Amino acid sequence: MTSALIQTADGAFTAHFSDSGLAGLDFPTGETVSRTATKELSAQWSSWLRLTGRALEQALAGKTPDRLPPLDLSSGTVFQRRVWNALRKIPSGQTKSYAQVAQSIDRPGAVRAVGQACGANPIPVVIPCHRVLAAGGKLGGFSSGLDWKRKLLTREGTIPEPD
DNA sequence: AGTTCGGACCGTT
DNA sequence: AACGGTCCGAACT
């Protein structure tokens, strides 16, 4: 497992890689993060890092990444992975409510649990947890800050309701 | 139209 | 046993 910084116009994201792929992505924070120098990364990791960087840039621009590194979602429970998979099927420019996501994975009653699972998403932006809104088009929550949620949605052409 | 409240729902710690 | 990135209906303002 290693971590590396990805510079973007929106700040420095931190990507975490396991042996099987991209395992985590952190929003920019002020803190300095321990990282492995890019030149020391294995060929595999630096290749994934490039793919992640490209994908992230595109996603931040509101586009759908044309290619992704392999994702390592093994940290999640079965239920969570099911939710995350459902999230990946929401195209840019579209949104779903927590209830709709719950239905799409055949657990109509697990609305709140879906919310939890979204919050546990290890790879935000790339796995578009921001495209899930509360009922009635209201913004709902976002663990890493509603500003991000608004910003991402706006770039995708989705006009978020004021509140 | 907007708000507040209460209960029901389900996976996770 | 308690907590959520929820939802819905009821009862208010």
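Residues numbered from 1 in each chain as written. Chains lettered and ligands numbered in written order. Predicted model: local features only at pLDDT ≥ 70, side-chain atom pairs only at ≥ 80, totals over all residues. Heavy atoms only, no water.

*Asks:* For this particular structure, what's the right way to read the side chain of Asp72?
*Replies:* Residue position: Asp72 is located in the loop between helix 1 (43-60) and helix 2 (78-88). Comment: no salt bridge for buried Asp72; closest opposite-charge side chain is Arg81, at 7.4 Å. For Asp72, the side chain forms a polar contact with the side chain of Ser18, separated by 2.5 Å. If we skip the residues at most four places from it in the chain, Asp72 touches Ser18, Ser20, Gly21, Leu22 and Ala23. (Helix = DSSP H or I, 4+ residues; strand = E, 2+ residues; numbered from the N terminus. Buried < 20%, exposed > 50% of the residue type's maximum accessible area, 1.4 Å probe, protein only. Lys, Arg positive; Asp, Glu negative; His and termini not counted. Salt bridge = Lys/Arg side-chain N within 4 Å of Asp/Glu carboxyl O. Polar contact = N/O pair within 3.5 Å; in protein donor to acceptor, adjacent residues only side chain to side chain. Contact = heavy atoms within 4.5 Å.)

*Asks:* Teacher, can you tell me more about the domain arrangement of chain A here?
*Replies:* The figure often quoted for interface size is the accessible area lost as the parts come together. What the domain assignment reports for chain A is domain 1 (2-60) and domain 2 (78-155). Measuring from the centre of the C-alpha atoms in domain 1 to the corresponding centre in domain 2 gives 23 Å. Summed over both sides, the interface of domain 1 with domain 2 buries roughly 980 Å², with 73% coming from carbon and sulfur. When residues of domain 1 are sorted by the area they lose upon contact with domain 2, Leu25, Phe27 and Leu60 head the list and together hold 55% of the total. Applying the counting rule to domain 1 against domain 2 returns 1 salt bridge. At the junction of domain 1 and domain 2, the tally comes to 3 residue pairs in polar contact (both at pLDDT 80 or more). If you list the elements that add at least two residues to the side of domain 1 that touches domain 2, you get strand 3 (22-26) and helix 1. Tallying contributions element by element places strand 3 first for the side of domain 1 that touches domain 2, with 4 residues. (Domains from an automatic or database assignment. Buried area = accessible area lost by both parts, 1.4 Å probe.)

*Asks:* Help me understand the protein's contact with DNA strand C in this model?
*Replies:* Close to DNA strand C lie 18 residues, the nearest being Tyr98, Arg112, Cys129, Ala135 and Ser143. Of all DNA strand C atoms lying within 4 Å of any protein atom, the proportion belonging to sugar or phosphate reaches 31%. Note that a base nitrogen of DNA strand C is positioned 2.4 Å from one of the side-chain N or O atoms of Ser143. The element contributing the most residues to the surface near DNA strand C is helix 4 (residues 111-119), with 7 residues. (Near = heavy atom within 4 Å.)

*Asks:* I'm lost on helix 4 in this one. Help?
*Replies:* Turn by turn, an α-helix covers 3.6 residues, leaving residues three or four places apart pointing in a common direction. Of all the positions in helix 4, only Val114, Ala117 and Cys118 are classed as buried. The arc enclosing the buried residues of helix 4, seen along the axis, measures out at 100 degrees, which places them on a common side. Across from the buried face of helix 4, at angles greater than 90 degrees, the exposed residues are Arg112 and Gln116. Here the buried face of helix 4 lies against helix 2, helix 3 (98-104) and strand 5 (132-133). (Arc of directions from axis to C-beta.)

*Asks:* How do you make sense of the sheet that holds strand 1 (residues 2-8) when you look at a structure like this?
*Replies:* Backbone-to-backbone hydrogen bonds pair the strands of a sheet. The strands run either parallel or antiparallel. The strand order across the open sheet built from 3 strands is 1-2-3, with neighbouring strands paired in antiparallel fashion. Only two strands of the sheet have a single partner each, and these edge strands are strand 1 and strand 3. Here the average twist between neighbouring strands, direction ignored, is 25 degrees. With 7 bridges joining them, strand 1 and strand 2 (residues 11-17) adopt antiparallel strand pairing. Bridge pairing in strand 2 links Leu5 to Thr14. Together, strand 1, strand 2 and strand 3 form the strand contacts of helix 1, whose direction differs from that of strand 1 by roughly 35 degrees. (Pairing = 2+ DSSP bridges. Axes fitted to C-alpha atoms, helices over the stretch in contact; angles between N-to-C directions.)

*Asks:* What's the story with the nonpolar core in this structure? I'm lost.
*Replies:* When a protein is soluble and globular, its nonpolar side chains tend to lie buried together. Of all hydrophobic cores here, the largest spans 38 residues; its most connected members are Phe13, Val83, Leu87, Val114, Cys118, Ile123 and Val125. Contributing elements (two or more residues each) for this core: strand 1, strand 2, strand 3, helix 1, helix 2, helix 3, helix 4 and helix 5 (146-155). Among the elements that make up this core, the one with the highest residue count is helix 1 (6 residues). The two domains that each donate at least three residues to this core are domain 1 (2-60) and domain 2 (78-155). (Core = buried A, V, L, I, M, F, W, Y, C linked by side-chain atoms within 4.5 Å.)

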